Every structure is written in structure tokens, then in C-alpha cells.
Amino acid sequence: MNNVFITLSNLAVFAALLYLLFWMQKKYYSFAKRVFTALGLGVLYGLAMHFLYTKGAPSLVNTVAYIDIVGTGYVKLLQMIIMPLIMVSLISAIIRLKEGSSLGKISALSIGMLVITTMIAAFVGIVVAHLFGLTAEGMVAGSAEAARGSYLEATQSNLGNLSFAQMIIDFIPANPFLDMTGARKTSTIGVVIFSVFIGISAMGVAKKKPDLFKSFEHFMQVAHAIVMRLVTIILRLTPYGVLALMAKMVTISEFAEIVKLISFVAASYVALIAMFIIHLIIITATGLNPIQYVKKIIPVLIFAFTSRSSAASIPFNIRTQTQGLGISEGVANFSASFGATIGQNGCGGIYPAMLAFMIAPTMGVDPWTLSFILPLLVIIAISSFGVAGVGGGATFAALIVLSAIDFPVALAGLLISIEPLIDMGRTALNVSGSITAGTVTARVLGEIDTETFNSNEQVQLDSDSSTNELN
């Protein structure tokens with residue numbers, strides 16, 4: 001009975017925090033302010049829960065379970081609209097293209113930027129690992145870490161026959177309706193490819209049967225309006241989702257284990273921050289204002305940080321690019337969709353590079369040589385195709401890379417206790433990389449409205465239009 005009372009008391013406090021966010025919404029506080037407030041409140045609430053209760057306490061377990069309804073429930077709602085949003089937005093964007101050649105340019109530039117930045121990220125990871133003197137030598141595994149290492153080794157054996165050619169084949173949607181359910185790791189790209197074929201087919205119909213095409217075009221306009229309205233409704237829940245996700249993350253974090261591996265945590269975030277700065281340098285090189293850019297993308301990066309899901313960030317990502325940065329829908333959809341599966345700078349670049357660098361000395365390999373670094377960068381670039389855009393994608397990427405260079409994967413198991421903490425930063429960098437790719441592509445192809453980009457208006461991503469910043 002006492003546990004029930006304590007749980008109810010904890011949930012009452014959490015409900016009060018939710019109401020505070022609702023009150024801020026009614027008072028027309030900007031979306032960014034509400035998201036930042038939710039982030040801070042989630043950290044404070046999580047710290048209180050973490051230090052007030054012992055690990056595994058029934059009241060704590062029950063509290064986290066109910067809080068997770070809000071957090072995970074929100075992420076699932078976002079995942080629910082990913083496939084309809086991608087399909088409707090891409091088809092609508094394609095049938096509005098004046099030239100079919102623009103489609104190929106958008107795809108090539110988006111994917112090219114994602115892969116290039118992933119190689120740069122991998123090199124940054126290697127340099128930082130060298131500066132911090134990271135190595136796998138002497139690391140000791142506990143029971144949980146040993147079990148995780150054994151699981152990864154078993155998984156590694158199943159990746160032996162996985163080739164780059166097979167990865168490309170897996171992108172092709174044999175059953176697009178199956179991909180719409182998100183059943184495969186590459187379902188997002190499968191839906192993109194199917195949508196592109198529908199759009200191209202529609203453009204062909206427009207030339208031969210213009211009257212029939214007008215009916216289809218009108219249908220797509222209606223579908224697009226409905227889906228975007230649905231996106232708006234769900235994005236309004238973002239502050240509540242961020243509060244719950246952050247509260248759970250801090251509550252269940254193993255601070256003692258984090259302290260033991262603090263050098264790897266610190267090195268990881270130094271590499272992530274360094275790569276984010278490189279993103280800003282790239283944006284600056286295109287002639288755009290990096291400060292203005294950061295102001296526009298901060299909310300989506302916060303969500304990616306708390307949710308640990310690049311895929312769930314897609315709706316948020318697209319809205320940020322189109323409404324905040326003035327990027328065309330076609331470019332925004334391609335970069336956001338491809339970026340959730342291909343060339344993830346954090347999960348597919350920095351993480352596997354750092355692990356490979358740490359393991360190399362135990363295999364008698366000098367990791368600070370070109371004969372090791374250059375092949376590793378190429379392997380990482382190739383392996384970055386098909387990385388799942390959800391939590392755990394970095395582990396999958398590491399398995400592919402380590403398998404390709406014939407290194408053991410047990411080290412990844414030793415990092416299980418700090419995996420969630422690092423994954424938050426990696427996911428935020430993944431999303432930053434996809435937005436960078438979209439911005440550069442749009443800039444090169446003239447698909448960006450610089451007036452929107454330079455506008456001082458605060459875009460309200462949870463509304464149908466932008467409004468001026470009140471303060």
C-alpha cells in the first residue's frame with residue numbers, strides 16, 4: 001500500500017509538470033522555450049527520482065513505467081506518421097518539379113553529403129580517440145558486460161556474408177506495403193524509392209493524359225494537407241514527450257558506471273561537438289549565417305537528443321528544414337529520409353571509428369598510421385548505408401565495421417552501461433548531419449528561400465504557420 005501511495009505521489013508531481021507545460025502553451029510561449037523548459041524539468045525530476053530511491057525499488061519501477069507511457073507513446077505517434085509523411089510529401093514534391101533531372105541531382109547531392117560528412121566524422125573520432133589515449137587494453141567486463149559481449153559476438157557471426165551489394169539490394173522494396181509498416185531496417189528508404197517511382201509515373205501521365213493527372217494532383221493536395229495537419233497535431237505534444245523521455249533517461253542512468261568510463265564519455269562528446277562545429281563551418285562556406293542556422297535547428301536537435309531516434313525525428317526534421325530554413329519539400333524529404341538510414345555522422349561515423357581505434361592495439365595494429373586509417377574510412381563510408389535510424393543503430397554499424405576489418409566486437413559490450421548517454425549525443429549529430437546535407441543540397445540547387453532562412457521570426461513547429469517571437 002505504501003508503494004502505491006509513493007508511486008501516486010511521484011506521478012502527481014509529474015502531472016503537475018505536464019500541466020505547467022500546458023499552461024505555457026496556453027500563454028503562447030514559443031515552441032523552443034517550451035521544449036527547453038521540458039528538457040530542464042525532465043533532468044531535475046529524473047535526478048530527484050534517481051537519488052530519492054534505490055535502484056529496483058518497486059515505487060521507482062512503477063513510476064518510470066507510467067512516465068514511459070508519455071515518452072514512448074509520443075515517439076510511437078511520431079513513428080506512426082513517418083511513412084505517410086514521406087510518401088505524400090515526396091510524391092507532391094516530385095510532381096511539382098519542373099525538370100525530372102532535378103530529382104537525380106537532389107538524390108546524388110544529399111547522399112553524397114551524408115557519406116562525405118560521415119567519413120569526416122570517422123576521422124574526427126580517430127583523432128579524438130588518439131588525443132585521449134583511448135585503448136581497449138585493461139578494460140574489465142562485469143557479468144552484464146560479458147553477456148552483452150557474447151551476444152554481439154553471436155550477432156557478428158550472422159553478418160559474415162553481408163556485403164555492400166547486399167545492402168543496396170535490401171534498399172529495393174519488393175513489397176512496398178510491407179515497408180510502410182516499418183518491418184525492415186531499410187523500410188524508410190524502401191518507401192522513398194517507391195514514392196519516387198509513383199512521382200515519376202505521375203509526371204509521365206501529366207504529359208500524355210493531363211486531365212487525368214489533374215485529378216491525381218488534386219488528390220495529392222488533399223492528402224498532403226491532411227497529413228501535414230496530422231503532423232502538426234502530434235508535434236504539439238513534443239514538450240510533453242521531451243519531459244517524459246528526459247525524466248526516464250536521467251532516472252535510470254548508472255552514474256557510478258558512467259564515472260568508471262568517463263574518459264570514453266568525454267572523448268565521445270568532444271568528437272560529437274567537434275563534428276557539429278564542422279557542420280557549421282560547412283554551412284558558413286555556403287554563404288549562410290551559422291548563428292541563424294543554429295537558432296532554427298536547436299528544437300529538433302533537442303528532440304533527437306532525448307528520443308535517441310533519428311527515424312522518429314524525421315517529421316520534426318522535415319518541418320525544421322521547410323519552415324525554419326526555407327528548404328524546398330523535395331530536398332527536405334530526401335535528406336531527412338536518407339539521413340535516418342544512410343551516413344549517420346554519430347552512429348555510423350564517430351562511434352565505430354573510435355571502437356576500431358581502441359581495439360587495434362590489442363590486435364597488434366598501430367591505429368595511428370595511414371595504412372590503418374584510410375581503409376577504415378572507406379569501410380565506414382560503405383558500412384554507413386543501411387544503419388537503422390533507431391536506438392541501437394550505432395552498435396549495428398560497429399558490428400559491420402569491426403567484422404569487415406576482422407576485429408572482435410566484445411568491446412562494445414563493455415560500454416553497455418554508458419550506451420544510452422552517448423547515444424543521445426550521437427543521434428543529435430545524426431540529425432544535424434541530415435539537415436546539413438539538406439541545406440547544402442538546397443543551396444547548390446537554388447532550392448532554398450533565403451528570406452525565410454534569414455527571417456527573425458520564430459517558427460512554431462507545432463502550428464500550421466510561423467509566428468513572430470513574442471520576446
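Above this text sits the structure in question.
Source: prediction; values computed, not measured.

(A) Fine view of the packing of helix 9 (residues 210-235) against helix 14 (residues 314-324). In the contact formed by helix 9 and helix 14, the axes pass within 11 Å of each other and the chain directions differ by 105°. Put simply, helix 9 runs roughly perpendicular to helix 14. Residues Met228, Val231, Thr232 and Leu235 of helix 9 form the contact with helix 14, whose own contacting residues are Pro315, Phe316 and Arg319. Residue composition of the contact of helix 9 with helix 14, by class: five nonpolar, one polar and one charged.

(B) Structural view of a nonpolar patch on the surface. On the surface, a cluster of nonpolar side chains totalling about 490 Å² of accessible area is made up of Tyr19, Leu20, Phe22, Trp23 and Tyr29. Assignment of secondary structure puts Leu20 in helix 1 (residues 2-26). With a relative accessible area of 34%, Leu20 lands in the partly exposed category.

(C) Geometry of the environment of Phe5. Within the secondary structure, Phe5 sits in helix 1. Its relative accessible area of 57% is what places Phe5 among the exposed residues.

(D) How the structure looks around helix 2 (residues 31-52). The end-to-end C-alpha separation of helix 2 is 31 Å, in line with the 32 Å expected for 22 residues at 1.5 Å each. Here helix 2 has its buried residues at Phe31, Ala32, Arg34, Val35, Ala38, Leu39, Leu41, Gly42, Tyr45, Gly46, Met49 and His50.

(E) Layout of the side chain of Thr118. Position of Thr118 among the secondary structure elements: in helix 4 (residues 101-131). On the basis of relative accessibility, which here comes to 0%, the residue Thr118 falls in the buried class. Among the polar contacts listed, one links the side chain of Thr118 to the side chain of Asn345, at a separation of 3.2 Å. Among residues more than four places away in sequence, those in contact with Thr118 are Gly343, Gln344, Asn345, Gly348, Gly349, Ile380 and Ser384.

(F) Layout of the packing of aromatic side chains. Under the criterion given, the structure shown has eight aromatic pairs. Ring geometry for Phe372 against Phe407: centres 6.3 Å apart, planes inclined by 15°, an arrangement best described as stacked. Here Phe372, found in helix 17 (residues 370-383), pairs with Phe407, found in the loop between helix 18 (393-404) and helix 19 (410-414); they are 35 residues apart in sequence, far enough to count as distant. The same class applies to Phe372 and to Phe407, which are both buried. Chaining the aromatic ring pairs together yields one cluster made of Phe31, Tyr74, Phe303 and Phe316. Over the ring of Tyr351 we find Arg426; its NZ or CZ atom is 4.3 Å from the centre of that ring.

(G) Examining the pattern of salt bridges more closely. This model, assessed by the stated rule, comprises three salt bridges. Across the salt bridge formed by Asp68 and Lys248, the nearest N and O atoms sit 3.3 Å from each other. Remark: Lys248 occurs in helix 10 (residues 238-252) and Asp68 occurs in helix 3 (residues 58-95); sequence separation between them is 180 residues. The partner of Asp423 in a salt bridge is Arg308, and the shortest N-O contact between them spans 2.9 Å.

(H) The arrangement of the nonpolar core in detail. Within the largest apolar cluster, 98 residues are counted, with the highest numbers of intra-cluster contacts made by Leu78, Leu243, Tyr293, Phe303 and Phe334. Ignoring sequence-local partners within four residues, the contact set of Phe334 consists of Leu90, Leu103, Ile106, Ser107, Ser110, Val192, Val196 and Gly339. Counting 43 residues, the second largest nonpolar core, distinct from the first, contains Leu261, Phe357, Leu402 and Ile422.

What counts and how
Residues numbered from 1 in each chain as written. Predicted model: local features only at pLDDT ≥ 70, side-chain atom pairs only at ≥ 80, totals over all residues. Heavy atoms only, no water. Axes fitted to C-alpha atoms, helices over the stretch in contact; angles between N-to-C directions. Helix = DSSP H or I, 4+ residues; strand = E, 2+ residues; numbered from the N terminus. Parallel < 35°, antiparallel > 145°, perpendicular 65-115°, else oblique. Contact = heavy atoms within 4.5 Å. Nonpolar A, V, L, I, M, F, W, Y, C, P; charged D, E, K, R; others polar. Patch = residues over 30% accessible without salt bridge, like charges linked within 9 Å, V, L, I, M, F, W, Y side chains within 5 Å. Areas by Shrake-Rupley, 256 points an atom, 1.4 Å probe, with all protein chains shown as cover. Salt bridge = Lys/Arg side-chain N within 4 Å of Asp/Glu carboxyl O. Buried < 20%, exposed > 50% of the residue type's maximum accessible area, 1.4 Å probe, protein only. Expected span 1.5 Å × (residues − 1). Polar contact = N/O pair within 3.5 Å; in protein donor to acceptor, adjacent residues only side chain to side chain. Phe/Tyr/Trp six-rings, centres within 6.5 Å; stacked < 30°, edge-to-face > 60°. Lys NZ or Arg CZ within 6 Å of the ring centre and 35° of its normal. Core = buried A, V, L, I, M, F, W, Y, C linked by side-chain atoms within 4.5 Å.

The quantities given are spatial measurements derived from coordinates; they are silent on function.
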